[in-house]
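# Remarks on the overall topology
Here are the chains, one letter per residue:
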Amino acid sequence: MKVRIHVSLKPGVLDPQGRAVHHALEGLGFGGVEDVRVGRLIELDVAEGTSDERLDEMCRKLLANMVIENYRIEKMPETQGAA
Amino acid sequence: MAEFRSAVVTFPGSNCDRDMAVALEKVAGTAPIRVWHGDPDLPERLDFIALPGGFSYGDYLRSGAMAANSPIMRAVKREAERGVPVLGVCNGFQVLCESGLLPGALMRNASQNFICRTVPLRVENSQSLFTASYEAGATIRIPVAHHDGNFFADSETLDRLEGEGRVAFRYLDTVNGSQRDIAGILGESGNVLGMMPHPERAIEDDHGGSDGRALFESVVGSLVGA
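In this report, the structure presented in the accompanying data block is examined. (Residues numbered from 1 in each chain as written. Chains lettered and ligands numbered in written order. Predicted model: local features only at pLDDT ≥ 70, side-chain atom pairs only at ≥ 80, totals over all residues. Heavy atoms only, no water.)

Let us look at the pattern of salt bridges. Note on pairing: side chains with opposite charge can pair once their charged atoms come close. All names here are of chain B. According to the stated counting rule, one finds 21 salt bridges over all chains in the structure shown. Its salt-bridge partner being Asp 41, residue Arg 78 comes within 2.9 Å of it at the nearest N-O pair. Here the residue Arg 78 occupies a position in helix H2 (residues 71-82), and Asp 41 occupies one in the loop between strand E2 (33-36) and strand E3 (48-51), the gap between them amounting to 37 residues. Ionic pairing is found between Arg 78 and Glu 79, a salt bridge with its closest N-O pair at 3.0 Å. By relative accessible area, which is 37% here, Arg 78 ends up partly exposed. The class for Glu 79 is buried, based on a relative accessible area of 8%. Among the ionic contacts, a cluster of salt bridges with common partners joins Arg 122, Glu 124, Asp 159, Glu 162, Arg 170 and Arg 180. (Salt bridge = Lys/Arg side-chain N within 4 Å of Asp/Glu carboxyl O. Helix = DSSP H or I, 4+ residues; strand = E, 2+ residues; numbered from the N terminus. Buried < 20%, exposed > 50% of the residue type's maximum accessible area, 1.4 Å probe, protein only.)

The following block contains the structure:
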């Protein structure tokens, strides 16, 4: 089972990296960008039937730092009849 | 005087472990035992454990995150909970936060730059076993060298740290964007200290300053006095 873990900074936590990227976008002439937050995407391939609790535990214990980050678990649909 | 038994833990990517060991030997008179991250346990009857600076595991995932889960850290946590003094400097501070031995997190410097210079600090707590040889409120100069030293904790945690006298050192300049200019904090029981500045790089005049020496003297003195 493919699972994507989206790790993002909590609202209110200053994101210097996002700010630098924002400035760079403006420097390239991309106006109208209100805000940029940089996060991390972690793709897991886990055993079928891995419970949500288990995935939560992985996130809380290692993949995200709960002091500064939030996470969202996205289970990927199985690819249909791939040849 | 009983022999001072200390250990310096080396993780893959540590690079201040040797400096830490030299500082400890110069101040305490005995060389620390060197411990590898994969060792199953620490030597017995330690008086002091140091987690050095560096870039453990290449800062993969987050600075200190992988090291916090390495085999030796189970033993470090156990000994810290028994009251053995534990010092984490720079990457060692990051490891202590990631392992839950200290609150908060160390984020990328607000400037996004790696900062490598000597900075003035105020000794905010001179009662701890790490700082007893400093004058309360003294200004000391200690080098910093880090990319992820921007201390973050929620305001409730910050208030608690301040209220309990657990802010050990504070930057006198704006250095890295740390909340309330916090440079080093103590654990709840006072036997764990994490700090971004490197006291082991300032123990003799040839280093350009020796203001870090009193930290090691405090630790050694607290044990000899006990």
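With that settled, the discussion passes to the interface of chain B and chain A. Each side of the interface is counted separately: chain B has 13 residues, and chain A has 17 residues. Of the roughly 1200 Å² buried between chain B and chain A, counting both surfaces, carbon and sulfur atoms make up 64%. Of the charged contacts, one joins Glu69(A) and Arg62(B) as a salt bridge, the two residues approaching to 3.8 Å between their closest N and O atoms. Counting the contacts that link chain B with chain A gives six residue pairs in polar contact (both at pLDDT 80 or more). When its residues are assigned to classes, the side of chain B that touches chain A shows six nonpolar, four polar and three charged. (Contact = heavy atoms within 4.5 Å. Buried area = accessible area lost by both parts, 1.4 Å probe. Polar contact = N/O pair within 3.5 Å; in protein donor to acceptor, adjacent residues only side chain to side chain. Nonpolar A, V, L, I, M, F, W, Y, C, P; charged D, E, K, R; others polar.)

Residue and element names in this part refer to chain B. If you walk through the whole model with that rule in mind, you get zero disulfides over all chains. Cysteine Cys 16 is unpaired, with the sulfur of Cys 90 as its nearest cysteine sulfur at 6.4 Å. Among the residues examined, Cys 16 registers a relative accessible area of 2% and is labelled buried. Free cysteine Cys 116: the closest other cysteine sulfur is in Cys 90, separated by 9.8 Å. Under the relative-accessibility criterion, Cys 116 is labelled exposed at 57%. (Disulfide = S-S within 2.5 Å.)

Another aspect to go through is the nonpolar core. By size, the foremost hydrophobic cluster in this structure holds 71 residues, and its most contacted members are Leu87(B), Phe151(B) and Phe169(B). Tallying contributions element by element places helix H1 (residues 17-28) of chain B first for this core, with six residues. Contacts of Leu87(B), omitting those with residues within four sequence positions, involve Met20(B), Phe48(B), Ile49(B), Ala50(B), Leu51(B), Leu96(B), Phe130(B), Leu193(B), Met195(B), Leu215(B) and Phe216(B). Formed by 11 residues, the second largest nonpolar core is a distinct cluster that contains Met1(A), Val7(A), Ile42(A) and Leu63(A). (Core = buried A, V, L, I, M, F, W, Y, C linked by side-chain atoms within 4.5 Å.)

Strands pair in a sheet through their backbones, by hydrogen bonds, and they do so in one of two ways: parallel or antiparallel. All names here are of chain A. Reading across from one edge, E2-E1-E3 is the order of the three strands in this open sheet, with antiparallel pairing throughout. Looking at strand neighbours, the two that pair on one side only are strand E2 (40-45) and strand E3 (69-75), the edges of this open sheet. Recorded for the sheet is a direction-independent mean angle of 20° between the axes of neighbouring strands. Here six bridges tie strand E1 (residues 2-9) to E2, and the two strands are oriented antiparallel to one another. (Pairing = 2+ DSSP bridges. Axes fitted to C-alpha atoms, helices over the stretch in contact; angles between N-to-C directions.)

As a further point, take the environment of Pro43(B). All names here are of chain B. Locating Pro 43 in the fold gives a position in the loop between E2 and E3. On a C-alpha basis, the gap between Pro 43 and Arg 201 in space is 26 Å, while along the polypeptide they are 158 residues apart. With sequence-adjacent residues up to four places away left out, Pro 43 is seen in contact with Arg 5, Ile 33 and Val 35.

Attention shifts here to the layout of surface pockets. Over the atoms, a rolled probe matching the size of one water molecule traces out where space is still vacant. As a volume, the largest pocket reaches approximately 520 Å³. Contributing to the lining of the largest pocket are 25 residues, with Gln17(A), Arg40(A), Glu69(A), Arg62(B) and Arg108(B) lying nearest its centre. Classifying every residue of the lining of the largest pocket gives 10 nonpolar, seven polar and eight charged. Approximately 250 Å³ is the volume attributed to the second largest pocket. Only helix H2 (52-63) of chain A together with helix H3 (91-98) of chain B provide two or more residues apiece to the lining of the second largest pocket. Among the elements that take part in the lining of the second largest pocket, H2(A) stands out by supplying three residues, more than any other. Residues belonging to the lining of the second largest pocket are distributed by class as follows: nine nonpolar, five polar and five charged. (1 Å grid on protein atoms, 1.4 Å probe; cavity = no way out; pocket = protein on both sides within 12 Å on 5 of 7 lines; lining within 4 Å. Points joined across faces, edges and corners; volume = space filled by probe spheres on them.)

All quantities given are derived from atomic positions and should not be read as evidence of function.
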